[in-house]
Amino acid sequence: LICRKAAVDGYFILPRYNEAVVESDNKTLLGKGWMEEVTVVPQEYGGGMEAFGIPFNVSPKGGGREKGTVSVTKRVPTFTPDPDQGAGTESGTE
């Protein structure tokens, strides 16, 4: 794998479950969590071929966090914002 981009924008989702995500192969897991927009920057692009691993940094883009519900089915997450969250985001950490 060769990555030529310096950074990638995306969303970071942090759910809280009572079971391992691997269990979502056979059922849907539900949990509360939050999501925020981030930039992912690889620390390096090279390395040996004995194992796959790319160290990276995740930096929030400063838009705040959205609280909501996270469901996972077949290891694919879906985020649904809480309807009572109002204007949308929360700043800071939990």
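Our subject is the structure listed above.
Being a predicted model, the structure only gives us computed values, none of them experimental.

**A short note on a nonpolar patch on the surface**
- A cluster of nonpolar residues, F12, L14, F56 and V58, forms a patch on the protein surface that exposes about 340 Å² of accessible area.
- Looking at where V58 falls in the secondary structure, it is placed in strand β3 (residues 56-60).

**Observations concerning the nonpolar core**
- Counting six residues, the largest nonpolar core is built from Y17, L29, M35, V70, V72 and F79.
- Looking at this core, the elements that each hand over two or more residues are β2 (29-42) and β4 (66-73).
- The residues contacting V70, other than those within four sequence positions of it, are I13, P15, Y17, L29, L30, G31, G33, P77, T78 and F79.

**Section: unusual backbone geometry**
- In this structure, K74 is a non-glycine residue whose phi angle is positive, near 50 degrees.
- Looking at the secondary structure, you find K74 in the loop between β4 and β5 (76-81).
- Here R75, not a glycine, exhibits a phi torsion of approximately 70 degrees, which is positive.
- Within the secondary structure, R75 is located in the loop between β4 and β5.

**Quick word on the environment of A6**
- You can see A6 is positioned in the segment before β1 (8-15).
- With a relative accessible area of 55%, A6 lands in the exposed category.

**Topic: the environment of T69**
- Note on placement: T69 falls in strand β4.
- A relative accessible area of 27% places T69 in the partly exposed class.
- Along the sequence, T69 and G31 sit 38 residues apart, while their C-alpha atoms lie 5.7 Å from each other.
- Residues contacting T69, with those up to four places away along its chain left out, are L30, G31, K32, T78, F79, T80 and D82.
- Reaching out from T69, the side chain makes a polar contact with the side chain of K32 at a distance of 3.5 Å.

**Quick look at the side chain of T39**
- Along the chain, T39 turns up in strand β2.
- Side chain to side chain, T39 and D9 meet in a polar contact 2.9 Å long.
- With near-sequence residues (within four places) excluded, T39 lies in contact with A7, V8, D9, N57, V58, S59 and K61.

**Side note on the pattern of salt bridges**
- This structure, assessed with the given rule, holds six salt bridges.
- Close ionic contact of K61 with D9 constitutes a salt bridge, the shortest N to O distance being 3.2 Å. Pair noted here: K61 is in the loop between β3 and β4 and D9 is in strand β1, with a separation of 52 residues, a long-range link.
- The shortest N-O distance in the salt bridge between E36 and R65 comes to 3.0 Å. Of the two residues, E36 sits in strand β2 while R65 sits in the loop between β3 and β4, which places them 29 residues apart along the sequence.
- Through salt bridges with shared partners, a single network forms among D9, E37 and K61.

How each quantity is defined
Residue indices follow the written sequence of each chain, beginning from 1 at its first position. Only residues with pLDDT of at least 70 are given local features in this predicted model, and only at 80 or more are side-chain atom pairs given and counted; all residues enter the totals for whole chains, interfaces and linings. In computing side-chain values, all of the structure's heavy atoms are included and hydrogens and water are not. Nonpolar side chains (Val, Leu, Ile, Met, Phe, Trp, Tyr) are joined into patches within 5 Å and like charges within 9 Å, using only residues with over 30% relative accessible area and no salt bridge. Accessibility throughout is a Shrake-Rupley quantity obtained with a 1.4 Å probe, and a residue counts as covered only by protein chains that appear here. Here a salt bridge means any side-chain nitrogen of Lys or Arg lying within 4 Å of a carboxyl oxygen belonging to Asp or Glu. Working definition: helices are DSSP H or I runs of at least four residues, strands are E runs of at least two. Numbering for both runs from the N terminus. In plain words, nonpolar cores are sets of buried Ala, Val, Leu, Ile, Met, Phe, Trp, Tyr and Cys residues tied together by side-chain atoms within 4.5 Å. The rule is simple: take the accessible area with a 1.4 Å probe, protein chains only, and divide by the maximum for that residue type; under 20% is buried, over 50% is exposed, in between is partly exposed. Whether two residues are in contact is decided by their heavy atoms: any pair within 4.5 Å suffices. Polar contact is defined as a pair of N or O atoms within 3.5 Å, subject to the rule that within protein one atom must be able to donate a hydrogen and the other to accept it, and that residues adjacent in sequence are counted only when both atoms are side-chain atoms.

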